[in-house]
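Commentary on secondary and tertiary structure
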Amino acid sequence: MKCNISQDVTAAAELLHNGELVAFATETVYGLGANALNPEAVARIFEVKQRPHFDPLIVHIAAPEQLSEFTTGLSAPAQRLAERFWPGPLTLVLPKRNVIPDLVTSGLDSVAIRIPAHPIARELLQITGLPIAAPSANKFGCLSPTLAQHVVEQLGDEIPMILEGGPCQVGVESTVIQCTEESTILLRPGGIALEEIESCVETVRLARIEDFAETKSQVSPGMLPRHYAPGTRLFLIEKLEQLPSAESIGVLSLYPIEETILSGREFAVQEILSPSGDLKTAAAKLFSALRNLDQSGVECIVALKMPETGLGRTINNRLERAAY
Ligand code: TXA
Ligand code: MG
């Protein structure tokens, strides 16, 4: 299949209405979109991504007015989060209505909903008038795409179009939250820092496997031990003294590493996420940097842990799974 990379939102909308898949830019990562109300189109997402069916999808909508079509309602804390962070990198897991096919939610009685902020995603949602189911536009378990070119590399032969919107500004996936009157659970750290969520709702709890004991379905691939992984073996270390002794090594770090520490090796490459220590900038560069290291031919990749604050926590979460 010839994959067309363009900014033609009308063409993308037509494809979606015809039950086809379209990859599109969002502020977090590129998504692989299908009409969420068309089970055959949704099935095709799982097929192209080679994604297991136990792993539910996020449904993207244009505006809060559409919420009542797809969910039975928001708890008061969910309402506060929605008002504060939508449009943006927040996904809320809400009780679902029957119009949402079971395939989208892997049979769960909840649906994950996000209103994205990227102008091209917003335009697509408005023009189609559809809820769009979209996971990240990569093969299951692999690095997420933050450029149209990344999508081409993994899925270019299998989809008709990529709606191009430049490099993703946030660069890591949305923060996924399940929020009832009683509790707020962080299912996946993401583009909105935990501190920001905590400033809006009381006591946010990190998800535990026991939270999902009653559902047969896997609740969040954010919770799978291995995910977001490059092909090259990745080690996550706390300090430089733990660098392995490999001859060729690719290092991912927030700050530059002194050349002397890397010398004596046959080959060493560095990807520095933000010399000034800005964790938002670091998040935006994360997946591209991992791709570069993966493609550089090094024997192994070594990532130095980020500070556990703000988006550092999200980056560490992705690196832990990449290293598993
Ligand atoms: O930023 C993002 O969220 C991107 C862009 C394209 O919007 N999408 C994305 O989708 O990362 P995906 O499929 O890679 O991750 C969806 C996450 C998973 O952790 C999934 O398990 C969780 O949302 N999820 C979806 N529906 C759920 C539900 N009903 N209950 C709990 N978790 C759910
Ligand atoms: Mg993903």
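Small disclaimer: the values here were computed from a predicted structure and weren't measured.

What UniProt calls "binding site: L-threonine" (unreviewed entry) maps, in this numbering, to T28, H60, R114, A134 and S174. Taking the farthest pair of C-alpha atoms as the criterion, the annotated set spanning 147 residues converges on one region, since that pair is 12.6 Å apart. For H60, a relative accessible area of 4% corresponds to the buried category. If we skip the residues at most four places from it in the chain, H60 touches R114, P116, L125, L130, P131, I132 and A134. Structurally, S174 can be placed in the loop between β8 (161–163) and β9 (175–179). The exposure class assigned to S174 is buried, which follows from its relative accessible area of 2%.

For helix α2 (residues 39–49), the complete set of buried residues consists of A41, V42, I45, F46, V48 and K49. Tucked into the core, α2 has its buried residues touching β3 (31–35), α5 (102–105), β7 (132–133) and α7 (148–155). At the C-terminal side of α2, Q50 shows a positive phi close to 55 degrees.

Note on interface size: it is often stated as the accessible area lost on association of the parts. Each domain of the protein chain was delimited in the assignment, giving domain 1 (4–212) and domain 2 (234–323). The straight-line distance from the C-alpha centre of domain 1 to that of domain 2 is 28 Å. Between domain 1 and domain 2, the buried area comes to about 1,500 Å², and carbon and sulfur atoms account for 54% of it. Per-residue buried area on domain 1 facing domain 2 is highest for L143, V172 and P189; these three make up 35% of the total on that side. Linking domain 1 to domain 2 there are two salt bridges. Between the two partners, domain 1 and domain 2, sit 11 residue pairs in polar contact (both at pLDDT 80 or more). Of all the secondary-structure elements, those providing two or more residues to the side of domain 1 that touches domain 2 are α7 and α8 (194–198).

Turning next to empty space enclosed by the protein. Across all of its chains, the model carries one cavity of 30 Å³ or more by this definition. If one sorts the elements of the lining of the largest cavity by residue count, helix α11 (residues 310–323) sits on top with three residues. Residues belonging to the lining of the largest cavity are distributed by class as follows: five nonpolar, three polar and one charged. Among the domains, domain 1 (4–212) and domain 2 (234–323) are the pair contributing at least three residues each to the lining of the largest cavity.

Cis geometry is adopted by the peptide bond preceding P87, which originates at W86 and carries an omega value of -5 degrees. On the secondary structure map, P87 appears in the loop between α4 (76–85) and β5 (90–95). In this structure, Q50 is a non-glycine residue whose phi angle is positive, near 55 degrees. Looking at the secondary structure, you find Q50 in the loop between α2 and β4 (58–60). At S106, a position not held by glycine, the phi torsion is positive, near 55 degrees. Inspection of the secondary structure puts S106 in the loop between α5 and β6 (110–114).

With respect to topology, four strands assemble into an open sheet ordered β12-β15-β13-β14, the strand pairing being parallel. Every interior strand has two partners, whereas the edge strands, β12 (234–237) and β14 (267–272), have only one. This sheet shows a mean twist of 20 degrees between the axes of neighbouring strands, independent of strand direction. Relative to β14, strand β13 (residues 248–253) runs parallel, the two being bridged by six bridges. When the bridges of β14 are listed, L252 appears paired with E271.

Let us now look at the pattern of salt bridges. When their charged atoms lie close together, side chains carrying opposite charge are able to pair. Per the counting criterion, the structure on display carries 10 salt bridges. For R44, the salt bridge identified is with E47, shortest N-O distance 3.2 Å. Residue R44 and its partner E47 are both found in helix α2; the two are separated by three residues, about one turn of the helix. With a relative accessible area of 28%, R44 lands in the partly exposed category.

Right, let's talk about the pairing of β6 for a bit. Burial within β6 is extensive, with five of its five residues counted as buried. The side-chain alternation of β6 yields two buried faces, one formed by S110, A112 and R114 and the other by V111 and I113. Bridging between β5 and β6 involves four bridges; their strand directions are antiparallel. Each residue of the ladder has a partner; that of L94, found in β6, is V111.

To continue, consider the sheet that holds β4. With mixed pairing, 11 strands are arranged side by side in an open sheet as β1-β8-β2-β3-β7-β4-β6-β5-β9-β10-β11. Edge positions in the open sheet fall to β1 (4–6) and β11 (204–206), since each of these has one partner strand only. Of the strand pairs in this sheet, β4 and β7 are connected by two bridges, and their pairing is antiparallel. Looking at β7, one finds that H60 is bridged to I132. Helix α1 (residues 9–17) rests against β2 (22–24), β3, β7 and β8 of the sheet, and its axis sits at about 130 degrees to β8.

Conventions we followed
Residues numbered from 1 in each chain as written. Chains lettered and ligands numbered in written order. Predicted model: local features only at pLDDT ≥ 70, side-chain atom pairs only at ≥ 80, totals over all residues. Heavy atoms only, no water. UniProt positions renumbered as here; feature names shortened; annotations may be inferred. Buried < 20%, exposed > 50% of the residue type's maximum accessible area, 1.4 Å probe, protein only. Contact = heavy atoms within 4.5 Å. Helix = DSSP H or I, 4+ residues; strand = E, 2+ residues; numbered from the N terminus. Domains from an automatic or database assignment. Buried area = accessible area lost by both parts, 1.4 Å probe. Salt bridge = Lys/Arg side-chain N within 4 Å of Asp/Glu carboxyl O. Polar contact = N/O pair within 3.5 Å; in protein donor to acceptor, adjacent residues only side chain to side chain. 1 Å grid on protein atoms, 1.4 Å probe; cavity = no way out; pocket = protein on both sides within 12 Å on 5 of 7 lines; lining within 4 Å. Points joined across faces, edges and corners; volume = space filled by probe spheres on them. Nonpolar A, V, L, I, M, F, W, Y, C, P; charged D, E, K, R; others polar. Pairing = 2+ DSSP bridges. Axes fitted to C-alpha atoms, helices over the stretch in contact; angles between N-to-C directions.

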